Amino acid sequence: MGGMVELQNVLVNLRYFALGPITASFGYRTYNVILGPTGSGKSTLLKVIAGIYRASSGKVVIDGVDVTREPPEHRDVAYVPQGYAVFDHMSVYENIEYGLRFRGIPKDKRRELVLSIARDLGIEYLLGRKAVNLSGGEQQRVALARALIIKPKVLLLDEPLSMLDRETRDRIMPLLRELPSKYGVTVIHVTHDWDEAYSLADRLFIMNNGNIVEEGDPEQVFSRPRNVFTARFLGFQNIIKGIAEVTDNGSIIRAGNILFHHDEKVSGDVYVCIRPEWIEILSNEEAPSDDHNVFRGVVTEVIRSRLGYQVLVSISNDIVFTVLSKNALKPGEEVLLAIPRKSLHVIRAS
């Protein structure tokens with residue numbers, strides 16, 4: 001159980017969309033998340049691995065076997081589409097049993113397997129119900145049970161939490177996270193939700209315009225992305241272009257008429273990337289320490305958010321910082337901003 005998935009220069013030409021060429025590897029019994037904006041090709045990539053779309057060129061390899069020309073049913077892959085595709089006219093028991101009947105498993109064995117997986121996923125009480133009467137969270141569990149009962153090597157999940165409310169999602173996330181270890185399956189999960197990706201992924205893949213533009217450990221990708229698209233997509237709302245010069249103790253980056261001091265030695269055209277939560281608003285009494293970049297600015301806009309207040313602060317004619325504040329500041333107020341030098345994330349301009 002559990003298969004490594006390798007994509008080797010996979011190219012797919014659809015009528016209005018081109019995917020790739022993509023080369024990527026999804027490790028044995030790992031939880032992989034493909035994250036990207038709507039229309040970036042995430043679902044198309046899943047369908048290529050599933051065999052629903054045929055690669056125009058390149059190879060799809062599962063567990064060392066080239067399955068590029070194999071139909072979906074010969075790939076040892078289970079695919080759960082965005083709407084779960086639960087059969088409404090069948091009972092939950094019949095839905096879960098469906099793949100086993102298709103494979104000719106004897107009735108007694110089918111019953112044993114259905115009861116076992118229903119118990120695992122906490123849906124035993126639903127087995128006699130018609131699928132049409134299920135809530136979103138119940139449908140999700142039934143779809144997972146139906147996919148897992150055939151013991152696939154690879155489980156493909158297309159936006160599995162997008163139709164659920166936050167409370168139900170929070171309940172299902174731990175269940176998803178333990179799938180690789182509990183069922184010995186390699187999971188590839190598509191989403192555009194950062195929190196979901198960060199919580200679940202062993203390995204994170206960022207997609208844009210039909211290509212994987214970055215991959216890595218979630219911690220690294222979220223805090224130190226390698227390209228500006230990823231930084232912007234993952235919430236670095238302050239991305240400022242500048243020119244860096246090496247100094248004795250790091251570098252200085254000039255952006256318009258402001259200067260950033262940076263601990264690492266970089267030179268040439270760069271982007272300075274700063275998350276709003278990394279910027280501190282100082283009170284008039286506080287003295288900033290030497291290891292901070294400090295800027296004086298004027299509040300131009302205040303937007304209430306779940307995490308506090310999103311404050312726009314104008315530093316110069318063309319530079320505005322987005323800052324998170326616990327206090328509701330007022331437009332026109334003058335503030336002092338402090339950004340730790342070690343927090344600055346600098347990406348070389350290509």
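Here, every reference points to the structure presented above.
Just so you know, these numbers come straight off a predicted model, no measurement behind them.

Colleague: Outline the pattern of salt bridges, supporting the account with residue identities and numerical values.
Modeller: Summed over all chains, the structure comprises 14 salt bridges. Notably, a salt bridge pairs R169 with E196, separated by 3.5 Å at the nearest N-O pair. Of the two residues, R169 sits in helix α5 (residues 166-177) while E196 sits in helix α7 (residues 194-200), which places them 27 residues apart along the sequence. E178 is the salt-bridge partner of K182, the closest N and O atoms lying 3.6 Å from each other.

Colleague: Break down the nonpolar core for me, citing the residues and quoting the values.
Modeller: In globular proteins that are soluble, nonpolar side chains generally tend to be buried together. Formed by 49 residues in total, the largest nonpolar core has its most connected members in I96, L155, L176, L179 and L204. Looking at this core element by element, the count peaks at 6 residues for helix α4 (residues 136-148). With sequence-adjacent residues up to four places away left out, L204 is seen in contact with V33, L35, A197, E214, E215, G216, P218, V221 and F222.

Colleague: Lay out unusual backbone geometry with the relevant residues and their values.
Modeller: With omega at 5°, the peptide bond leading from G20 into P21 counts as cis. Along the chain, P21 turns up in strand β2 (residues 18-26). Phi angles above zero are rare outside glycine, and N9 is one such case at about 50°. With respect to the secondary-structure elements, N9 resides in strand β1 (residues 5-13). Here the phi dihedral of K151 falls at roughly 55°; this positive angle occurs in a residue that is not glycine. Among the secondary structure elements, K151 is positioned in the loop between α4 and β7 (154-158).

Colleague: Provide a residue-level description of α4, including the pertinent values.
Modeller: End to end, α4 covers 18 Å across 13 residues, agreeing with the expected 18 Å (1.5 Å per residue, within 8%). For α4, the buried fraction is high: 12 of the 13 residues fall into the buried class. By the burial criterion, the buried members of α4 are G137, E138, Q139, Q140, R141, V142, A143, L144, A145, R146, A147 and L148. Elements in contact with the buried residues of α4: β6 (77-80), α2 (92-102), α3 (107-120), β7, α5 and α6 (179-183).

Colleague: Could you give me a rundown of the sheet that holds strand β13 (residues 258-262), with the residues and numbers involved?
Modeller: Read from one edge to the other, the open sheet built from 5 strands follows the order β13-β12-β11-β14-β20, with strand pairing classed as antiparallel. Each having just a single partner strand, β13 and β20 (345-348) make up the two edges of the open sheet. Direction aside, the axes of adjacent strands within the sheet are offset by 40° on average. Pairing of strand β14 (residues 268-274) with β20 involves 4 bridges; the strand directions are antiparallel. When the bridges of β20 are listed, V270 appears paired with R348.

Colleague: Describe the layout of surface pockets, with residues and values.
Modeller: There is about 630 Å³ of room inside the largest pocket. Surrounding the largest pocket, 22 residues form its lining, V77, A78, Y79, R103 and I150 being those nearest its centre. Mapped onto the lining of the largest pocket, the elements with two or more residues apiece are β6, α2 and α4. Across the lining of the largest pocket, the residue classes tally to 15 nonpolar, 2 polar and 5 charged. Put simply, the second largest pocket is a space of about 540 Å³. As for the second largest pocket, its lining consists of 19 residues, of which W194, D195, R275, E277 and L307 are closest to the centre. At the level of secondary structure, the elements contributing two or more residues to the lining of the second largest pocket comprise α7 and α8 (218-223). Broken down by class, the residue content of the lining of the second largest pocket amounts to 7 nonpolar, 5 polar and 7 charged.

Colleague: Talk me through the packing of aromatic side chains; I want residue IDs and the actual numbers.
Modeller: Under the defined criterion, the tally for this structure stands at 8 aromatic pairs. On the basis of an interplanar angle of 65° and a centroid distance of 5.0 Å, the ring pair of F87 and Y98 is categorised as edge-to-face. With F87 in the loop between β6 and α2 and Y98 in helix α2, the pair connects residues that are 11 residues apart, well separated along the chain. Residue class for F87 comes out partly exposed when judged on its relative accessible area of 27%. Under the relative-accessibility criterion, Y98 is labelled partly exposed at 37%.

Scoring rules and cut-offs
- Residues numbered from 1 in each chain as written.
- Predicted model: local features only at pLDDT ≥ 70, side-chain atom pairs only at ≥ 80, totals over all residues.
- Heavy atoms only, no water.
- Salt bridge = Lys/Arg side-chain N within 4 Å of Asp/Glu carboxyl O.
- Helix = DSSP H or I, 4+ residues; strand = E, 2+ residues; numbered from the N terminus.
- Core = buried A, V, L, I, M, F, W, Y, C linked by side-chain atoms within 4.5 Å.
- Buried < 20%, exposed > 50% of the residue type's maximum accessible area, 1.4 Å probe, protein only.
- Contact = heavy atoms within 4.5 Å.
- Expected span 1.5 Å × (residues − 1).
- Pairing = 2+ DSSP bridges.
- Axes fitted to C-alpha atoms, helices over the stretch in contact; angles between N-to-C directions.
- 1 Å grid on protein atoms, 1.4 Å probe; cavity = no way out; pocket = protein on both sides within 12 Å on 5 of 7 lines; lining within 4 Å.
- Points joined across faces, edges and corners; volume = space filled by probe spheres on them.
- Nonpolar A, V, L, I, M, F, W, Y, C, P; charged D, E, K, R; others polar.
- Phe/Tyr/Trp six-rings, centres within 6.5 Å; stacked < 30°, edge-to-face > 60°.

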